[in-house]
Amino acid sequence: MIELSQQEIDERYMRMAIDAALVAQENGDVPIGTVIVHEGRLIAKAYNQREQLQDPTAHAEIIALTQAAAALKMWRLHGGTIYVTLEPCPMCAGALVLARLDRLVYGCADPKTGACGSLYDIVRDGRLNHRLAVTSGVLADDCTRLLQDFFQQRRRGNDADPA
């Protein structure tokens, strides 16, 4: 059996997160997707649903955390890695810390609201009781292009700002 490198594994799961982001886009929401893997097993796959649910907290990460906790029947997600197409915001970064995930892998940085290294660094803040290892830039060009295309299309269509 061929063993995959960590980079190959990360890219494989990030592609799944991108597929989830495309569902958000089809539903008129900002295309952000995520998957959670626990000890090598996919346990959650979600996408932004703020527009669909009219819920400001319906970010992909929050929905995936709920799915993962249900799958494991516990809220402590030790042994888990979350893959997200966009660097998580402060709300989501805080939720990742509270969920006790081991690792965060994200695609593109978010200089305006990113809370995992860009604007803030909540997930690695030594003052908190838990920290995550972070890998950034996985399939960053694909993730960036997805968001740029979405917002360019919105601007051309004069739709309301979905952010």
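To be clear, the structure that these remarks concern was listed above.
If you're wondering where the values come from, they're calculated on a predicted model, not measured in any experiment.

Here we look at the pairing of strand 1 (residues 33–38)
At step 1: Counting buried positions along strand 1 yields 6 of 6 residues, so the element is predominantly enclosed.
At step 2: Relative to strand 2 (residues 41–47), strand 1 is paired through 6 bridges, and the arrangement is antiparallel. Note on strand 2: the bridge partner recorded for His38 is Arg41.
At step 3: Hairpin connection from strand 1 to strand 2: 2 residues lie between these consecutive antiparallel strands, with Glu39 at a positive phi of about 50°.
At step 4: Bridge count for strand 1 against strand 3 (residues 80–86) is 5 bridges, and the pairing is antiparallel. When the bridges of strand 3 are listed, Val35 appears paired with Tyr83.

Regarding the nonpolar core
At step 1: Counting residues in each nonpolar core, the largest one holds 45 residues, and the members touching the most others are Met14, Ile36, Leu65, Leu96, Leu101, Leu104 and Val123.
At step 2: Elements supplying a minimum of two residues to this core: helix 1 (6–26), strand 1, strand 2, helix 3 (60–72), strand 3, helix 4 (90–99), strand 4 (103–108) and helix 5 (140–157).
At step 3: Ranked by residue count, the leading element in this core is helix 3, at 6 residues.
At step 4: Once residues within four sequence positions are removed from consideration, Leu104 is found in contact with Ile82, Val84, Pro88, Leu96, Cys116, Val123, Leu132, Ala133, Val134 and Thr135.

Points about the pattern of salt bridges
At step 1: For the coordinates displayed, the defined rule picks out 4 salt bridges.
At step 2: A salt bridge links Asp10 to Arg103, with the shortest nitrogen-to-oxygen separation between them at 2.6 Å. With Asp10 in helix 1 and Arg103 in strand 4, this residue pair connects regions lying 93 residues apart in the sequence. As far as burial versus exposure is concerned, Asp10 and Arg103 are alike and both buried.
At step 3: Here Asp121 makes a salt bridge to Arg124, at a shortest N to O gap of 3.0 Å.

What counts, and at which threshold
Residues numbered from 1 in each chain as written. Predicted model: local features only at pLDDT ≥ 70, side-chain atom pairs only at ≥ 80, totals over all residues. Heavy atoms only, no water. Buried < 20%, exposed > 50% of the residue type's maximum accessible area, 1.4 Å probe, protein only. Helix = DSSP H or I, 4+ residues; strand = E, 2+ residues; numbered from the N terminus. Pairing = 2+ DSSP bridges. Core = buried A, V, L, I, M, F, W, Y, C linked by side-chain atoms within 4.5 Å. Contact = heavy atoms within 4.5 Å. Salt bridge = Lys/Arg side-chain N within 4 Å of Asp/Glu carboxyl O.

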